[in-house]
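# Descriptive analysis of the structure
These are the residues of each chain, in order.
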Amino acid sequence: MPGSRPHAEIDRRNADWYVDKLVQVTVFVSGVSAILFIIGIFVFVTIEGVGFIANTLDFGEFFGSPAWRPTSETKPTYGALALIVGTASVTGLAMLVAVPFSLGAAIFIGEFATGKVRETLKVLVELLAAIPSVVWGFIGLSIMNPLIIDVFNVPVGLSILNSGIILGLMAAPIMTTIAEDALKAVPDTYREAAEAMGATRWQVIFRVVLPAAKNGLVAAVLLGVGRGFGETMAVLMASGHSVNLPTSVFDSVRALTATIAAELGETAQGSDHYAALFTLGIFLFAITFLINLAADVVVRGIRKGK
Amino acid sequence: MFEATELNDRNRRAERLWRWLFGMMTGLLIVPVVLILGVLIVKGGPALSIDFLFTEPTDGMRAGGVFPALIGTIWLVAVALLVSVPIGVAAAVYLSEYAPDNWLTRLINLCIINLAGVPSIVHALFGVGAFVLFFKFGISILAASCTLAVLTLPVVIVATRESLQAVPQAFREACWNMGATRWQTIRRVVLPNSISGILTGVILEVSRTTGETAPIMFTGAVFLLPFLPQSVFDPTMAMSLHLFVVSTQVPGVPDELPYGVALVLIGMVLCMNALSIAFRVYLRGKKKW
């Protein structure tokens, strides 16, 4: 037929079409920015530390010696063992406090509590999770410190015990929320099937819900550990901040994060000490990256299983 | 015929016991914190007054108020929002509306989780390396706010993505069938239907940004400043750092002063969170679908 054009020749590229394409590119770039920021963090933290790692750092000393003396005039040493043990002991105690309580609370909120009680508890837990870490540090310093000195009759209250409890209270609400989400992800049909077989509530919880939510609960604990490792201000203020290998929970320790926070302000940019602090940063970044990756793999495990 | 057997009784007792035990655990988690907040209020209350909020610290921060720190925190939060909200919302739009289920999307999601998990002090090192030194912002509000923006980006992305995904797919399809482009659909249908959810996320981000200390210590916040910041290139005081300073770095501070600072800070943060929660509850009641 004369005058009729083939369909393909209609040009739809009006102003709206161009705006649409522009938006598509913009949101794509923003989406990818999360990757760029992670790479950026890795690059910028590594660049400052890499020369030091290559030239000065002795790995045996870094991981094997408790002598962190970066400001020594004669022979500075960069042994991070005491800092690693400090972070690990505080995080360990925090998890000892937080894991049973937050899993218990998650089970109570998710499986037992109903209606108003449940909503109120969820809101309370969310508000607890919002308290800033510097306020927790202040609580450790000014409320827990005298309390521990009184109760246990020890000379100093800024210790593993203090910062462990503070960190435990900090991590618990977050772990509770994630664990409760994991319990909620278990389909109700599982519970109904078990109840139809005559199982009581606690049998349903222990034999059906908990096994089904296992991976999510493990991920909750892992994220709590990651949070404990990375916490800075609370640990800086409540742990006593002295470099030593602890022998009891009443000993003061110093954490990796707290060391960076306390010393970065006093170092000259480009000095060995400055680079050593960035090296601690690389170490922290690597550890928390691995913990988060592990949590992600564990969670993905459930999805694959279904 | 329907009498309880011994087994029924035992089971019921066991259930009561477990219920009680888990309830106790929940209580032990919440009660100490409520007690601690009570102590903060009792000890910090006397320090609070209108003057405390609106005067400068005097006598080497041993007396006076918190005005410059309060203003500084508002600056830091505002600039951080200006940076992170556009990027975060756009990223969430991509993840919810455009992203195919492929390796790149999975990588982005993994990076968001990791961005939220990187210790705040490592964010601080990044801020020093990138914003203070490399981009030459110096110790300034801009550098500190950019650091905070990267730190809180996951909060905005996750909250926005959730509220975008809550908009039913049928809304979008109806709009596409009318001949609208993807962007027109997002702009006229998806965003208006999820704007309140996005706002909830933004309020949460404000609360989180207000409380952060470690990332701003070396990038823009300073102990004491005799003047208020005039532009984003000035350093500033901040409430969170001020609490750290008066409770650890200055000898001879009267007892109630740090309690007062802590109370103001925690009040700001909890009010923001309560607002966000109230908003969410209100929305849930209003939802049309």
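Only a predicted model underlies this, so the values are computations on that prediction, with no experimental measurement involved.

Another aspect to go through is the overall build of chain A. For chain A, the helix and strand inventory stands at 12 helices and 2 strands. Traced from its N-terminal end to its C-terminal end, chain A shows the element sequence α-α-β-β-α-α-α-α-α-α-α-α-α-α. Rg of the C-alpha trace for chain A: 26 Å, well past the compact-globule value of 19 Å for 306 residues, more than 25% over. Seen along its three principal axes, the alpha-carbon backbone of chain A occupies a region of about 95 × 60 × 35 Å. When the 306 residues of chain A are sorted by exposure, 47% land in the buried category. At a minimum sequence separation of 6, the contacts of chain A that also span at least 24 residues come to 72%.

For chain B, the count of helices and strands is 11 helices and 2 strands. Secondary structure elements of chain B, listed N to C terminal, follow the sequence α-α-β-β-α-α-α-α-α-α-α-α-α. Its C-alpha atoms give chain B a radius of gyration of 24 Å, clearly above 19 Å, the size a compact globule of 289 residues would have. Based on the C-alpha atoms only, the size of chain B along its principal axes is roughly 80 × 65 × 35 Å. Looking at chain B as a whole, 49% of its 289 residues qualify as buried.

The next point concerns the interface of chain B and chain A. Contact with chain B, which involves 68 residues of that partner, is made by 73 residues of chain A. Split by residue class, the side of chain B that touches chain A holds 49 nonpolar, 16 polar and 3 charged.

What follows deals with the nonpolar core. The tendency in soluble globular proteins is for nonpolar side chains to be buried as a group. Among the nonpolar cores identified, the biggest contains 186 residues, and Val 135 and Ile 166 of chain A together with Leu 76, Leu 243, Ala 262 and Leu 265 of chain B are the most heavily contacted of them. In this structure, this core is formed jointly by two domains, domain 1 (6-47) and domain 2 (50-286) of chain B, each of which donates at least three residues. Dropping the residues within four chain positions of it, Leu 243 of chain B is found in contact with Val 134, Val 135 and Phe 138 of chain A together with Pro 258, Val 261, Ala 262 and Leu 265 of chain B.

All names here are of chain A. With their axes 6 Å apart at the nearest point, helix 3 (residues 81-112) and helix 6 (residues 160-184) run at an angle of 35 degrees to one another. In this structure, the crossing between helix 3 and helix 6 has a hand that is right-handed. Tallied by class, residues from the contact of helix 3 with helix 6 come to 19 nonpolar, 8 polar and 3 charged.

Residue and element names in this part refer to chain B. Per the domain assignment, the segments of chain B are domain 1 (6-47) and domain 2 (50-286). Each of domain 1 and domain 2 has a C-alpha centre, and these two points are 32 Å apart. Contacts between the two partners involve 6 residues from domain 1, matched on the other side by 8 residues from domain 2.

The next point concerns the environment of Ile 74 of chain B. All names here are of chain B. Relative to the elements of secondary structure, Ile 74 occurs in helix 3 (residues 67-98). By the C-beta count within 10 Å, which is 15 here, Ile 74 ends up partly exposed. Once the C-alpha coordinates of Ile 74 and Pro 229 are considered, the two residues, 155 residues apart in sequence, prove to be 11 Å apart.

It is worth spelling out helix 3 of chain A at this point. Residues and elements named next belong to chain A. The end-to-end C-alpha separation of helix 3 is 44 Å, in line with the 46 Å expected for 32 residues at 1.5 Å each. In helix 3, a bend of some 30 degrees at Ala 98 exceeds every other bend along the element, and Pro 100, a proline, comes one to four places later. Of all 32 residues in helix 3, 24 are buried, a share of seventy percent or more.

Quick look at the confidence of the model for chain B now. Residues at a pLDDT of 70 or more form 98% of chain B, whose mean pLDDT is 88. We note a pTM of 0.89 for the whole complex and an ipTM of 0.88 for its interfaces.

Despite not being glycine, His 241 of chain A shows a phi value in the positive range, around 60 degrees. By the secondary structure assignment, His 241 of chain A is in the loop between helix 10 (233-238) and helix 11 (256-263). Unlike most non-glycine residues, Lys 136 of chain B shows phi in positive territory, near 60 degrees. Relative to the elements of secondary structure, Lys 136 of chain B occurs in the loop between helix 5 (120-134) and helix 6 (141-165). Taking the number of C-beta atoms within 10 Å as the measure of exposure, Lys 136 of chain B has 9 and is therefore exposed.

Conventions adopted
- Residues numbered from 1 in each chain as written.
- Chains lettered and ligands numbered in written order.
- Predicted model: local features only at pLDDT ≥ 70, side-chain atom pairs only at ≥ 80, totals over all residues.
- Helix = DSSP H or I, 4+ residues; strand = E, 2+ residues; numbered from the N terminus.
- Rg over C-alpha atoms; globule rule 2.2 N^0.38 Å.
- Buried ≥ 20, exposed ≤ 12 C-beta atoms within 10 Å, placed from the backbone.
- Contact = placed C-beta atoms within 7 Å.
- Nonpolar A, V, L, I, M, F, W, Y, C, P; charged D, E, K, R; others polar.
- Core = buried A, V, L, I, M, F, W, Y, C linked by C-beta atoms within 7 Å.
- Domains from an automatic or database assignment.
- Axes fitted to C-alpha atoms, helices over the stretch in contact; angles between N-to-C directions.
- Left-handed = near helix turned anticlockwise from the far one by under 90°.
- Expected span 1.5 Å × (residues − 1).
- Bend = angle between axes of the 7 residues up to and from the residue.
- pLDDT = per-residue confidence, 0-100.

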